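Observations on chain architecture
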Amino acid sequence: MTAFLIIGAVGVALVVVALLIGDVLDGALHLDVLDSDLFSISSLAAFVGAFGFGGALGLALIDHVAFGVLSGLVVGALAAWLAIKLTKALKSADNAVSFRSDSMIGHPGRVITAIPADGFGEITLSVAGHVRKFSAKSALPVEAGAEVWVSGIVSPTAVEVTQTSAPKELT
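One structure accompanies this document, and this report is about it. Predicted model, so just to flag it, every value in this text is computed and none were measured.

So, on to the pattern of salt bridges. The tally for this structure, following the rule as stated, stands at two salt bridges. Of the charged contacts in the structure, one is a salt bridge between glutamate 122 and lysine 133, with a shortest N-O distance of 3.7 Å. Separated by eleven residues along the polypeptide, glutamate 122 in strand S2 (residues 120-127) and lysine 133 in strand S3 (residues 130-137) bring together distant segments of the chain. What makes glutamate 122 partly exposed here is its relative accessible area of 27%. Since its relative accessible area comes to 52%, lysine 133 is described here as exposed.

Here it is in C-alpha cells:
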C-alpha cells in the first residue's frame, strides 16, 4: 500500500507543477504530439495521482495487489479523462466569448459619457466578466447612465448603439 500512496503523492506533486508551469512544460517537452491533451502534463498528473490513490483504496478493500493495480488503472483513467475534458472546456471557454467586433453586436452596455446626436460618447461593455470601454455614437442623444445595446460596429474602438432604458445614477 505504501507504494501506491507514494505514487499518489507524486501525482499530486505533478498536479502542483502542472498548475504552476504546465503550459511551459507541455511546450518544452512536446508531450502532446496528438494535440488532443491526451499526453498533457495535467492529464498525466491526474492519471498518476488517481492511479496511486485508487490503487491504495483497492488494496485496502481487497488485499490483493492485482485488484489494487486494476482499481488504480480504472480510477486513473477516469481522472485523466476528466482532466482532458476540463482542459478542453477551459480552452474553448477562453475563445468562446471575446470582444471581437462581430461578437459585440447585441450586447448591452451603459453610457458613461453622454452621446450627443450624431456625435461620440463613451460606453462600457461587459462580456464574460471582462469590462471594456468603447467610443459610441447614436442617431439620437443618449444621457450618461442610460442602458444601450450595440447595434453596429463603426471601428475596432467605436460602436453604434441604441438606447434601451432611461438614464440611471452612475456609480
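Moving on from the model shown.
Around the barrel, which closes on itself, the five strands sit in the order S1-S2-S3-S5-S4 with mixed pairing between neighbours. Averaged over all adjacent pairs, the angle separating strand axes in this sheet is 55°, with direction ignored. Relative to S3, S2 runs antiparallel, the two being bridged by eight bridges. Opposite valine 127, over in S3, you have histidine 130 as the bridge partner.

Turning to a nonpolar patch on the surface, a few remarks are in order. Where nonpolar side chains cluster on the molecular surface, the patch consists of Met1, Leu5, Val12, Val15, Val16, Val17, Leu19, Leu20, Ile21 and Phe53 and spans about 900 Å² of accessible area. Per element, the largest residue contribution to the nonpolar patch is eight residues, and it comes from helix H1 (residues 2-29). Within the secondary structure layout, phenylalanine 53 lies in helix H2 (residues 41-61). Looking at phenylalanine 53, the relative accessible area reads 39%, which means it is partly exposed.

This part is about the nonpolar core. It is characteristic of soluble globular proteins that their nonpolar side chains tend to be buried jointly. Counting residues in hydrophobic clusters, the biggest one holds 13 residues, and the most contacted among them are Ile115, Ile123, Val159 and Val161. For this core, the secondary-structure elements that each account for two or more residues are S2, S3, strand S4 (147-155) and strand S5 (158-163). If we ignore the near neighbours within four places in the chain, the residues touching isoleucine 123 are Arg110, Val111, Ile112, Ile115, Arg132, Lys133, Phe134, Ala136, Val148, Val159 and Val161.

This part takes up the environment of leucine 59. On the secondary structure map, leucine 59 appears in helix H2. The exposure class assigned to leucine 59 is buried, which follows from its relative accessible area of 11%. Those residues in contact with leucine 59 that lie beyond four places of it in its chain are Met1, Phe4, His64, Val65 and Gly68.

The rules we used
Residues numbered from 1 in each chain as written. Predicted model: local features only at pLDDT ≥ 70, side-chain atom pairs only at ≥ 80, totals over all residues. Heavy atoms only, no water. Salt bridge = Lys/Arg side-chain N within 4 Å of Asp/Glu carboxyl O. Helix = DSSP H or I, 4+ residues; strand = E, 2+ residues; numbered from the N terminus. Buried < 20%, exposed > 50% of the residue type's maximum accessible area, 1.4 Å probe, protein only. Pairing = 2+ DSSP bridges. Axes fitted to C-alpha atoms, helices over the stretch in contact; angles between N-to-C directions. Patch = residues over 30% accessible without salt bridge, like charges linked within 9 Å, V, L, I, M, F, W, Y side chains within 5 Å. Areas by Shrake-Rupley, 256 points an atom, 1.4 Å probe, with all protein chains shown as cover. Core = buried A, V, L, I, M, F, W, Y, C linked by side-chain atoms within 4.5 Å. Contact = heavy atoms within 4.5 Å.

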